[in-house]
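Summary of structural features
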Amino acid sequence: MEFKLSDRLNLLPPYLFVEIDKAKRIATAEGHDIIDLGIGDPDEPTPREIVDSLYKAAQDSKNHHYPLDQGSSIFRERIAGWYRERFGVILDPEKEILPLIGSKEGISHLPLAFINPGDVSLVPDPCYPPYKGGTILAGGTPYLMPLIEENNFLPDLKRIEKQALKKAKIIYINYPNNPTASVCEKGFFEDVAIFAKKYNLIVASDAAYSEVSFDNYRPASFLKVEGGKEMGAEFHSLSKTCNMTGWRVGFACGNEKIIAGLAKVKSNIDSGVFNAVQMAGVTALDIADKHLGRMNKVYQERRDALVDGLNKLGWVITKPKATFYVWARLPKKHKSSIDFAGMVLDKADIIITPGVGFGESGEGYVRFALTVSKERIIEAVNRLKKVI
Ligand SMILES: *Cc1c(COP(=O)(O)O)cnc(C)c1O
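Okay, so let's go over this structure. For every chain, the first residue of the written sequence is number 1, and numbering continues from 1 onward in sequence order. Residues qualify for local features only when their pLDDT is at least 70, as the model is predicted, and side-chain atom pairs are given and counted only at 80 or more; totals for whole chains, interfaces and linings, by contrast, use all residues. Processing note: side-chain calculations cover all non-hydrogen atoms of the structure and skip hydrogens and water entirely.

**Regarding the overall build of the protein chain**
For clarity, the threshold we go by: Secondary structure elements are defined from DSSP: runs of H or I of at least 4 residues count as helices, runs of E of at least 2 residues count as strands, and each element is numbered from the N terminus. The classification of residues rests on relative accessible area computed with a 1.4 Å probe and restricted to protein chains. Under 20% of the type maximum is buried, over 50% is exposed, and intermediate values are partly exposed. Should any heavy atoms of two residues lie within 4.5 Å, those residues are counted as being in contact. Computed with the Shrake-Rupley method and a 1.4 Å probe, the accessible areas treat only the protein chains shown as cover for residues. The charge count includes Lys and Arg as positive and Asp and Glu as negative, but it does not include His or the ends of the chains. Here the site of a charge means atom NZ of a Lys, CZ of an Arg, CG of an Asp or CD of a Glu.
Counting secondary structure elements, the protein chain contains 14 helices and 12 strands. For the protein chain, the spread of C-alpha atoms along the principal axes amounts to about 55 × 55 × 55 Å. Across the 388 residues that make up the protein chain, the buried fraction comes to 55%. Sequence separation of at least 24 residues holds for 75% of the intrachain contacts in the protein chain that already meet a minimum separation of 6. Of the roughly 18,300 Å² that the protein chain leaves accessible, carbon and sulfur atoms contribute 53%. Treating the 51 positive side-chain charges of the protein chain as one cloud and the 49 negative ones as another, the clouds have centres 2 Å apart.

**Focus: the site of the ligand**
The condition that has to hold: Proximity criterion: a residue is near a molecule or strand once any of its heavy atoms comes within 4 Å of it. Throughout this description, a polar contact denotes any pair of N or O atoms lying within 3.5 Å of each other; where both atoms belong to protein, one of them has to be capable of donating a hydrogen while the other can accept it, and for residues adjacent in sequence the pair is counted only when both atoms sit in side chains. Here the nonpolar group is Ala, Val, Leu, Ile, Met, Phe, Trp, Tyr, Cys and Pro; Asp, Glu, Lys and Arg are the charged ones; every other residue, Gly included, is treated as polar.
What surrounds the ligand is a group of 14 residues, the closest being D206, Y209, S237, S239 and K240. One of the side-chain N or O atoms of R248 is found 2.8 Å from an oxygen atom in the ligand. With the chains in place, 94% of the 390 Å² that the ligand exposes on its own is no longer accessible. Of all the secondary structure elements, the ones that give two or more residues to the shell around the ligand are α5 (103-114) and α10 (238-241). When residues of the shell around the ligand are assigned to their parent elements, the largest contribution, 3 residues, is made by α5. The residue inventory of the shell around the ligand, partitioned by class, reads 4 nonpolar, 6 polar and 4 charged.

**Considerations on the side chain of E211**
The residue E211 is located in the loop between β6 (202-206) and α9 (228-231) in this model. Since its relative accessible area comes to 3%, E211 is described here as buried. A distance of 2.8 Å separates the side chain of E211 from the side chain of R86, its partner in a polar contact. Those residues in contact with E211 that lie beyond four places of it in its chain are W82, R86, F87, R218, T241, L292 and N296.

**A closer look at the nonpolar core**
Note the threshold: Only buried residues count toward a nonpolar core, which is a set of Ala, Val, Leu, Ile, Met, Phe, Trp, Tyr and Cys residues joined through side-chain atoms within 4.5 Å. Boundary definitions for the domains trace back to an automatic or database domain assignment.
Within the largest apolar cluster, 57 residues are counted, with the highest numbers of intra-cluster contacts made by Y83, L122, I171 and F222. Of all the elements, helix α12 (residues 275-312) adds the most residues to this core, at 8 residues. Here this core gathers at least three residues from each of two domains, domain 1 (7-45 + 289-385) and domain 2 (48-288). Among all residues touching F222, those that are not within four sequence positions of it are I173, F189, V192, A193, V203, S205, G228, G232 and E234. Within the second largest apolar cluster, 37 residues are counted, among which are Y209, L310, M343 and F368.

**Overview of the sheet that holds strand β7 (residues 232-237)**
This is how it is decided: Each pair of strands is called paired provided DSSP finds at least two bridges between the two strands. Note on geometry: axes are lines fitted to C-alpha atoms, helical ones only across the stretch in contact, with angles between N-to-C directions running from 0 to 180 degrees.
With mixed pairing, the 7 strands of this open sheet are ordered in space as β2-β8-β7-β6-β5-β3-β4. A strand with exactly one partner marks an edge of an open sheet, and here the two such strands are β2 (97-100) and β4 (141-146). Neighbour-to-neighbour, the strand axes of this sheet turn through a mean angle of 25°, independent of strand direction. Relative to β4, strand β3 (residues 120-125) runs parallel, the two sharing 6 bridges. What sits directly across from D125, in β4, is P146. Seen against the sheet, helix α4 (residues 73-87) touches β2, β7 and β8 (250-254) and runs at an angle of roughly 65° to β8.

This is the structure in structure tokens:
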């Protein structure tokens, strides 16, 4: 029997990371000591208080039922409190906050609520893949906004073509940024809010890394700027903030119509986040600051070990102010990020991600994830000395 994939599935870009995973498995099976700087998944465990909180909530049979579509009121209230303290933004927990099964879930379902076939989403390139994937699955077309170094990896809004703007419904922005590790000033958020209003666009602000930052830099919220809450929704994740990638919990907040649209999609597809996990989410927001005070120091030390180490080898890279990634232009003589990453795996047993895997404007770069110990990072630099 032949089962033909739907056209929309065939339109999805190939997932490069599957290939990297395969290469890693083969090398590991052959006994190589692989240093994996590929995937952005925190190596440290979820803080003990959060695990305890889940354990306690899981024992309460009240939590064994379907959660509310709109999420637990306790979690929503805690999110509202956190937003007020952290960003100075006031949110109505009834209408402006929606718990998610990880922020990826909300980011990729948003187009189903607002995109018709033929509509366009404006997406940064390179980018976190679900902006494109979610748009394509909804029958829309991603329009790429190149992020280039000369423009500090910000999209140039003036260069977006009028034809695309006519059909555009959503603009995705993501600062601090994955994969480029760049940050933006408040002025950029203000420009985006004005631009969105002019062209009637929903701003989807992916703030997954808002809490991972260094050197006293504190990322702001898009919802804080004038017009932000009118035009946008912001997506947060507890995955990177509190080492909870496997738990699948995040949240969207912002304009109530955007939140309501997303909630309607979700109520037709899933039944929300396990209540006990939402209770653990409350604890995560309670302890986030304390946890991040320590964790961000750890990432900062790793960042310094990697960037200082590579700079000493003559590979000049600037230190990022946020995220646990380092985005590096390929050393001279190298052109293809896939060839370079392949060579580094072959000769140094190190996994890094080729920039082109995040989009064509990522070609010429590679991404290092700072999710192994400082000792392993120093070891990686020593190995790279011999091959670059
Ligand atoms: C990791 C990541 C997310 C998704 O995190 P969830 O685990 O789904 O909450 C979203 N955006 C970016 C840019 C990420 O790197």
